[in-house]
Amino acid sequence: MKKEEDDLVSGTFTWKIDQFSNLKEKKYYSDAFVIGGFKWQILIFPKGNNVEYVSIYLVAADSSTLTSGWRRYAKFRLTVVNQLNRNMSFGKDTQHEFTAVENDWGFTTFMPLREFHDISKRYLVNNNVIVEAEVSVRKGDIKILEKETGDLIDFKGLGRIELAFHPLLEEVCLLHPSLIKCQQKRSSTFVECAFKTLGRLLHFLKTRKLTDLNQDGYDSLQLLWEELETFKFDLAWLQPHVQSVFGMKKVAGRVERMREDVNILENEIQSRKAVLAAAEIELKRAKGDLVKTEQEFKMGHVGSVIGYPLA
């Protein structure tokens, strides 16, 4: 059993689902997450997959883009979290070899709907639900998230790494020797994947400008970071830099909202200027009518005798 555990790389993804009772669609997918270099998603049927149970599955998220004949083995546990006492959470374990034909696997009868919605069970709190997926994949099966984009050259006997990544890896390995030491007892396939992923993330940070990052760019960085964490590097030195990028995403979001507010105010000013211009034209016309009418009044009535009709 210990040998089997040593051959697995594991990770956990937590999905908080808001306003669960208000969900209208038959099924919902979580955001994609990376464990062992693979993209996964959780699939849930809130009202059951044609049964009186909540149905939950694990999905190979990128199955449509994989090459023909792909296979992927995983052991996993799906859990609905008890939000009062985590030890009372409800989970089920299984394992499966994912393929193009069977790219999702899980439990159609995960939990009876009546039990799931029982307030005393504390699975549904403030209309929110928390679902977790703990996934383990074989080290030998680990894949790289993206295809190689350059020449592959051996890097310090650790594997064939893209040449563009070598200077970056040289620099960080010199400053942080533990990066190599922590991988010495792992398989060659695992180590190569680990350093390719580290190189890819460093290259991303080195070549991308914050001003050029859009939502897709932030999502790519998030996936790379999650993938890198599965390789068990000591990343304390790198984490602040990555988190600062995500922090800039929040600043960029505030800037965008402030820009929208400015645009709204500018449009409002333009609209009011147009109203004011129209009012000025109307005022000018009204003044002209007033002058004309006053002149007519003076010419027709000033000096005339005031009288009254006799019956």
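Residues numbered from 1 in each chain as written. Predicted model: local features only at pLDDT ≥ 70, side-chain atom pairs only at ≥ 80, totals over all residues. Heavy atoms only, no water.

In the nomenclature of an unreviewed UniProt entry, the protein corresponds to MATH domain-containing protein from the organism Rubus argutus.

## With respect to the overall build of the protein
Assigned secondary structure in the protein consists of seven helices and 11 strands. Across the 311 residues that make up the protein, the buried fraction comes to 36%. (Helix = DSSP H or I, 4+ residues; strand = E, 2+ residues; numbered from the N terminus. Buried < 20%, exposed > 50% of the residue type's maximum accessible area, 1.4 Å probe, protein only.)

## Details of the nonpolar core
Counting 65 residues, the largest nonpolar core has Trp40, Val135, Phe195 and Leu198 as its most contacted members. With nine residues, the single largest contributor to this core is helix H5 (residues 188–207). Here Phe195 is in contact with Phe155, Leu158, Ile161, Leu169, Cys173, Leu179, Ile180, Gln183 and Phe233, once residues within four sequence places are set aside. (Core = buried A, V, L, I, M, F, W, Y, C linked by side-chain atoms within 4.5 Å. Contact = heavy atoms within 4.5 Å.)

## Describing the pattern of salt bridges
Taken as a whole, this structure holds nine salt bridges when the rule is applied. A salt bridge links Lys196 to Glu192, with the shortest nitrogen-to-oxygen separation between them at 3.5 Å. Within this pair, Lys196 and its partner Glu192 are both found in helix H5, separated by four residues, close to a single helical turn. Several salt bridges converge on common partners, so that one network encompasses Glu282, Arg285 and Asp289. (Salt bridge = Lys/Arg side-chain N within 4 Å of Asp/Glu carboxyl O.)

## Structural notes on the sheet that holds strand S7 (residues 90–99)
With antiparallel pairing, the four strands of this open sheet are ordered in space as S1-S9-S6-S7. The open sheet has two edge strands with one neighbour each: strand S1 (8–17) and S7. For this sheet, the mean angle separating the axes of adjacent strands, direction not counted, is 20°. Direction of pairing for strand S6 (residues 71–80) relative to S7: antiparallel, over a ladder of 10 bridges. (Pairing = 2+ DSSP bridges. Axes fitted to C-alpha atoms, helices over the stretch in contact; angles between N-to-C directions.)

## Let's talk about the packing of aromatic side chains
Under the counting rule described, the total for this entry stands at 11 aromatic pairs. Between Phe13 and Phe33, the aromatic rings sit 4.2 Å apart at their centres with planes inclined by 5°, giving stacked as the arrangement. Taken together, the residues span a long stretch of sequence, with Phe13 in strand S1 and Phe33 in strand S3 (residues 33–35) at a distance of 20 residues. On the basis of an interplanar angle of 70° and a centroid distance of 5.2 Å, the ring pair of Trp40 and Phe98 is categorised as edge-to-face. Placement of the pair is Trp40 in strand S4 (residues 38–45) and Phe98 in strand S7, with a sequence separation of 58 residues. Each member of the pair Trp40 and Phe98 is classed as buried. Among the aromatic residues, those joined into a ring-pair cluster are Phe38, Trp40, Phe76 and Phe98. Lying across the ring of Trp40, Arg72 places its NZ or CZ 4.8 Å from the centre. (Phe/Tyr/Trp six-rings, centres within 6.5 Å; stacked < 30°, edge-to-face > 60°. Lys NZ or Arg CZ within 6 Å of the ring centre and 35° of its normal.)

## Some points on the side chain of Ser30
Looking at the secondary structure, you find Ser30 in the loop between strand S2 (28–29) and S3. For Ser30, a relative accessible area of 3% corresponds to the buried category. Ignoring any residue separated from it by four or fewer positions in sequence, one finds Ser30 in contact with Phe13, Trp15, Gln41 and Ile42.

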